Amino acid sequence: MSSFFEELKRRNVFRVGIAYAFVSWVIIQVIETVSDPLGLPDWTEAFFIVLVLAGLPLVLLFSWIFELTPDGLKKTAEVAAGASVTASTGKKLNYAIIGTLVIALGYSMWDRQGLVEQAEQTATATVDADAGTASIAVLPFVNMSADEDQEYFSDGISEELLNLLAKIPDLRVPARTSSFQFKGQSVDIGEVAKQLNVKHVLEGSVRRADVRVRVTAQLIEADTGYHLWSETYDRELTDIFAIQDEISAAIVAALSETLGLNVDAPNVTAASNPEAYNAYLLGQHQIKRRTKLDIESAIANYQQAIDIDPDYAPAHAGLGLGWYLLTASNSTYGTLTLEESLAKALPHLETAMELDPELPEALGAYGLTLDAQLRFEEAIPYFEKALALNPSLTDVRVWYSQALGSFGRTEEALLEMEKAYEIDPLSILTLFNYANQLQIRRQYDKLEPVLDRLSQLDPQRAAILQVGSDIASGRAAEGVTILLRSVDADASNVRTRSRAAGNLWNLGLKDAALNIWPYPDNLFPLLSNIDDVDESLRLTLQHYEENPNQPGILESVAMAQYFAGNKEEGLRVAAEFLESMDESIRPQMNANILFALDAMERGDEETALERIGPVEATIDGALESGIENADVHLGKALFLQMRGKSDLALEHIEKAAFSGIMRPGNLAFFYSLTGWDEMPEFVDVQDRHREYMQAQRAELLATACSPNGFESWQPSSAECGRAPAPN
């Protein structure tokens, strides 16, 4: 028996078998790897396994019968013992086995690493998928009513369902403005889901006829197009709230089966009368257009809803917000003073919260009124509670971001705007506000895709944002030209007009500014920026007499009194203003600068630096978060000078002078205040700034006087006579 095994070894049968096994294993692994990319049948791998197993006996038999010699393949029995080369062949087989083994081990290590990476990618993909799995977009339901004017009703039903679903924990629901971007479009559900980053889509239709209403809804899985659930409700109009509750419950049930959502469906806040609900929905439809006329119409419809159902909380919340939005300011749309608008808004917002303490729309609007009164610390909890109840209220998130910024929490403010962008990526207002935050931080890499999306949805707003980039880049005339073109295109846009007027004023074109300024009964924001401190005081006091309860007006009075030479009166009013402010923000208010300047004049440097500390910290926080504008740099330069760091102050004055449109008189005032007008390096900055402003003013005048001028501003022949020819 031992001689038989010795003969097997001599004839290399064992070596051939081992080599065959390794080579077969490598082949099978290769087949397994390439079968999917090449689209091979599922049975391919099994076929090769059977094939190599069947071939093993044949290979072993072949190696026993035949021997590979220098003269070719011969039967072993025909090879003389002295002429046999099996020993040499055995060594070659050893090398082949070792080589194959190395290949096999290398492949095994590569495959193992690939599995690890695949596992990591799968885990990451799972996390990413989970982020978008419990998510649903509510598309605007199609109005199938015979009356096209009933579209507000179908839109309102869609929005009510969206807000209802947004209250469900762990379910992400894109905001209304983004979902409604697809209204009236024949867009593939998969494309909608991709743009809104959701896994499910709810769509449907509403048909209203007299007192009957038919609502059809269907829940679609975006990846497959599979209908998880669908239903048609044919009811009396008085049952509209029950329909919404049933749809919400059905969606939760459907998603619970696929996603494991273990929650109860929320219930809609119902009106006692369908006519009250109808008026409320019409008000909701109108207020979202954000024009003075539409807001006034919305107010009338909210009031009608309340007259029918005095206890309908959502109508009170809408009415309160509507009245506040009619305030005259750069962020609102009306002509009321803040005192007048709050007198009308607050009773309804307070009533709404009494009727329903968990109504997020009322909480958010009430926070907005607190923010308008500079009561930032009080406003923030209202915003946070509203967003906890309904994370899809991106208007509230934008207000929250602004309050955080005003409170000095600039990093958190940007984070909230990023969240708003994620939830509401197709909202024009969200895109505009987010782009503005990126622009003032000069984060141009992030700004570009946001601005590109905004330009597709609203080219005019995108162009207005370009103004900031132009002005910050030393092209003030180009920036103001864009603003004036926007005013020409839409003279009813008070925000654009006020921005254009402010920049014209700062360029020294005051008549043009007054002509474009949209608030003829409130010229104070413009006129108070004159270089004559006595005239500025007169106008400030006049405005104070007309609006004694306007937030911040006392601080303006204090500044005007102090810089007009009435320092004791200025300090007295500043103290009164600071006493009226919440303790949390009192140290950060600019009125503290007056006490610091007074202390420096008396030689009390310690008190001066103590006073400016919190104000400077706020500015430092803005600079650290990337915010750069003329006001921030000017304030920082002033504080550095007070600390005796003129070299560092010069750097910030350089940035302040050329990062915006600053009136030369404003810069000159700070120079006289700090003694910079006697320091040559500072005087050089001032001279260059004056030349820059003159050049920009001349360039803008040349454009205005050309055949391609502006409708909103046509300079006199005398002004045009002094203007250079356009390039």
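See above for the structure.
The structure presented is a predicted model; accordingly, all values stated were derived computationally and were not measured.

What counts, and at which threshold
Residues numbered from 1 in each chain as written. Predicted model: local features only at pLDDT ≥ 70, side-chain atom pairs only at ≥ 80, totals over all residues. Heavy atoms only, no water. Helix = DSSP H or I, 4+ residues; strand = E, 2+ residues; numbered from the N terminus. Buried < 20%, exposed > 50% of the residue type's maximum accessible area, 1.4 Å probe, protein only. Contact = heavy atoms within 4.5 Å. Areas by Shrake-Rupley, 256 points an atom, 1.4 Å probe, with all protein chains shown as cover. Disulfide = S-S within 2.5 Å. Core = buried A, V, L, I, M, F, W, Y, C linked by side-chain atoms within 4.5 Å. Expected span 1.5 Å × (residues − 1). Arc of directions from axis to C-beta. Pairing = 2+ DSSP bridges. Salt bridge = Lys/Arg side-chain N within 4 Å of Asp/Glu carboxyl O. Phe/Tyr/Trp six-rings, centres within 6.5 Å; stacked < 30°, edge-to-face > 60°. Polar contact = N/O pair within 3.5 Å; in protein donor to acceptor, adjacent residues only side chain to side chain.

Undergrad: Explain the overall build of the protein chain residue by residue, including any values.
TA: A tally of helices and strands in the protein chain yields 33 helices and 7 strands. For the protein chain, the proportion of its 727 residues judged to be buried stands at 46%. By sequence separation, contacts in the protein chain at least 24 residues apart represent 58% of the contacts at least 6 residues apart. Element-wise, carbon and sulfur atoms account for 53% of the exposed surface of the protein chain, whose accessible area totals about 35,000 Å².

Undergrad: If you had to explain the state of the cysteines to someone new, which residues and values would you point to?
TA: One pass over the structure, following the stated rule, counts 1 disulfide. Across the disulfide, Cys 705 is cross-linked to Cys 720 (sulfur-sulfur distance 2.0 Å). With the S-S dihedral at roughly -85°, the linkage between Cys 705 and Cys 720 falls on the left-handed side. Of this pair, Cys 705 sits in the loop between α32 (680-704) and α33 (717-722) while Cys 720 sits in helix α33, placing them 15 residues apart in sequence. With relative accessibility at 24%, the residue Cys 720 sits in the partly exposed group.

Undergrad: Would you mind going over the nonpolar core in detail, with residue names and values included?
TA: Side chains of nonpolar character tend, in soluble globular proteins, to be buried together. The biggest cluster of nonpolar side chains holds 130 residues, and the ones touching the most others in it are Leu 202 and Trp 229. Setting aside its immediate chain neighbours within four residues, Leu 202 contacts Ile 136, Ala 137, Val 138, Leu 139, Phe 141, Leu 161, Leu 165, Ala 217, Gln 218, Leu 219, Trp 229 and Ile 251. Leu 414, Ala 420, Tyr 692 and Ala 704 belong to the second largest nonpolar core, which has 48 residues in total.

Undergrad: Any details on helix α26 (residues 567-580)? Residues and values, ideally.
TA: Given a rise of 1.5 Å per residue, 14 residues ought to cover 20 Å, and the 20 Å separating the end C-alpha atoms of α26 matches this to within 8%. For α26, the full list of buried residues reads Gly 570, Leu 571, Val 573, Ala 574, Phe 577 and Leu 578. Looking down the long axis of α26, one finds its buried residues gathered within 165° of arc, a one-sided arrangement. Counted as exposed and oriented over 90 degrees from the buried face of α26: Glu 568, Glu 579 and Ser 580.

Undergrad: Talk me through the pairing of strand β5 (residues 200-209); I want residue IDs and the actual numbers.
TA: Within β5, 7 of the 10 residues are buried, which leaves the element mostly enclosed by the surrounding structure. When strand β3 (residues 136-138) meets β5, the two strands line up parallel, connected through 3 bridges. Residue Ile 136 lies in a different strand from β5, and its bridge partner there is His 200. The sheet contact formed by β5 and strand β6 (residues 212-221) spans 10 bridges and is antiparallel. Bridge pairing in β6 links Arg 207 to Arg 214. The hairpin turn running from β5 into β6, its antiparallel successor, is 2 residues long, and Asp 210 in that turn takes a positive phi close to 55°.

Undergrad: Lay out helix α7 (residues 189-196) in plain terms, naming residues and giving numbers.
TA: Those residues of α7 that fall on the buried side of the exposure criterion are Ile 189, Val 192, Ala 193 and Leu 196. Considered in projection along α7, the buried side chains sweep an arc of 95° and stay on one side of the axis. Along its buried surface, α7 packs onto β3, α6 (176-179), β5 and β6. Immediately downstream of α7, the backbone of Asn 197 shows phi near 55°, a positive value.

Undergrad: Can you tell me about the pattern of salt bridges, naming the residues and giving the values?
TA: Using the criterion set out here, one finds 31 salt bridges in the structure. The salt bridge involving Glu 378 is made with Arg 375; its shortest N-O contact spans 2.8 Å. One salt bridge in this structure joins Asp 598 and Arg 602, with 3.0 Å as the shortest N-O distance. Several salt bridges share partner residues, and in doing so they unite Arg 212, Arg 214, Asp 234 and Glu 236 into one network.

Undergrad: Explain the packing of aromatic side chains residue by residue, including any values.
TA: Scanning all chains against the criterion turns up 14 aromatic pairs. Where Tyr 671 meets Trp 676, the ring centres are 5.6 Å apart and the plane angle is 80°; that geometry is what we call edge-to-face. For the pair shown, Tyr 671 and Trp 676 are each scored as buried. Considering the side-chain rings of Trp 676 and Phe 682, the 5.0 Å spacing of their centres and the 5° angle between planes classify their relative orientation as stacked. Of the two residues, Trp 676 and Phe 682, both sit in the buried class.

Undergrad: A description of unusual backbone geometry should follow, citing residues and the corresponding values.
TA: Even without being a glycine, Asn 197 presents a positive backbone phi close to 55°. As for its position among the elements, Asn 197 is in the loop between α7 and β5. In the Ramachandran plot, Arg 442 falls in the positive-phi region, its phi being about 60° despite a non-glycine side chain. Here Arg 442 falls in the partly exposed class, since its relative accessible area comes to 31%.

Undergrad: Provide a residue-level description of the environment of Arg 172, including the pertinent values.
TA: Considering the arrangement of structural elements, one finds Arg 172 in the loop between α5 (151-166) and α6. For the pair formed by Arg 172 and Pro 391, sequence separation is 219 residues and the distance between their alpha carbons is 8.2 Å.

Undergrad: Describe the side chain of Ser 498, with residues and values.
TA: Its place among the elements puts Ser 498 in helix α21 (residues 494-506). Classification of Ser 498 by relative accessible area gives buried; the value is 7%. The residues touching Ser 498, leaving out its near neighbours within four places in the chain, are Asn 330, Trp 517, Pro 518 and Tyr 519.

Undergrad: Account for the pairing of strand β7 (residues 226-236), naming residues and giving values.
TA: The pairing of β6 with β7 spans 10 bridges and is classified as antiparallel. Among the inter-strand pairings, Arg 212 is bridged to a residue of β7, identified as Glu 236. Two successive antiparallel strands, β6 and β7, enclose a turn made up of 4 residues, where Gly 225 displays a positive phi of approximately 75°.

Undergrad: Before we move on, can you summarise the environment of Arg 176 with the specific residues and values?
TA: Positionally, Arg 176 belongs in helix α6. Sequence spacing of Arg 176 and Asp 155 is 21 residues, and the spatial spacing of their C-alpha atoms is 9.9 Å. Residues contacting Arg 176, with those up to four places away along its chain left out, are Glu 159, Leu 162 and Lys 288. Here Glu 159 takes part through its side chain, which lies 3.3 Å from a polar atom of the side chain of Arg 176.

Undergrad: Report on the environment of Gln 439, specifying residues and quantitative values.
TA: Topologically, Gln 439 is positioned in helix α17 (residues 428-440). We classify Gln 439 as buried; its relative accessible area is 9%. Spatially, the C-alpha atoms of Gln 439 and Ser 469 are 7.3 Å apart, while their sequence positions differ by 30 residues. Those residues in contact with Gln 439 that sit more than four places away from it in its chain are Leu 447, Leu 465, Gln 466, Gly 468 and Ser 469.

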